[in-house]
Amino acid sequence: MATLTVTDADFEQVVLKSDKPVLVDFWAAWCGPCRQIAPSLEAISEEHAEKITVVKLNIDENPETAAKYGIMSIPTMNVYQGGAVAQTIVGAKPKAALERELANFLA
């Protein structure tokens, strides 16, 4: 799997201190749309590994980070760059739509 898993404990090190943009998929096991977009995120992670890192954060297991960033509905995907949120994508979308929204980071 190209996507990584992050937790409240390593979020700062893996995401905020990364040299390249990091897409964080805030998800939960009970969330159908989250499972629906997982293959698309995995493909984006594999195809664009040199430009963006894709990680998953389970909001049930890691409530601190989800609360800190005001995650109210899932799936929510935040792109972090330079330690800050650079873009937010909410809801399940096809891979092509996700790639369009991420175009600035994948170019």
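Since this is a predicted model, take the numbers as computed values, not measurements.

Conventions we followed
- Residues numbered from 1 in each chain as written.
- Predicted model: local features only at pLDDT ≥ 70, side-chain atom pairs only at ≥ 80, totals over all residues.
- Heavy atoms only, no water.
- Pairing = 2+ DSSP bridges.
- Helix = DSSP H or I, 4+ residues; strand = E, 2+ residues; numbered from the N terminus.
- Contact = heavy atoms within 4.5 Å.
- Axes fitted to C-alpha atoms, helices over the stretch in contact; angles between N-to-C directions.

Asks: Describe the sheet that holds strand β3 (residues 53-58), and please don't skip the residues or the numbers.
Replies: If you walk across this open sheet you meet the five strands as β1-β3-β2-β4-β5, and the pairing is mixed. Each edge of the sheet is formed by a strand with only one pairing partner; in this case those strands are β1 (4-5) and β5 (84-90). Of the pairings in the sheet, the one linking strand β2 (residues 22-27) to β3 comprises six bridges and is parallel in character. Counted as the bridge partner of V22 is T53 from β3. Helix α2 (residues 32-47) contacts β2, β3 and β4 (76-81) of the sheet and is inclined by roughly 165° relative to β2.

Asks: Lay out unusual backbone geometry in plain terms, naming residues and giving numbers.
Replies: A cis amide bond links I74 with the next residue in sequence, P75, at an omega value of 0°. Structurally, P75 is set in the loop between α3 (63-68) and β4.

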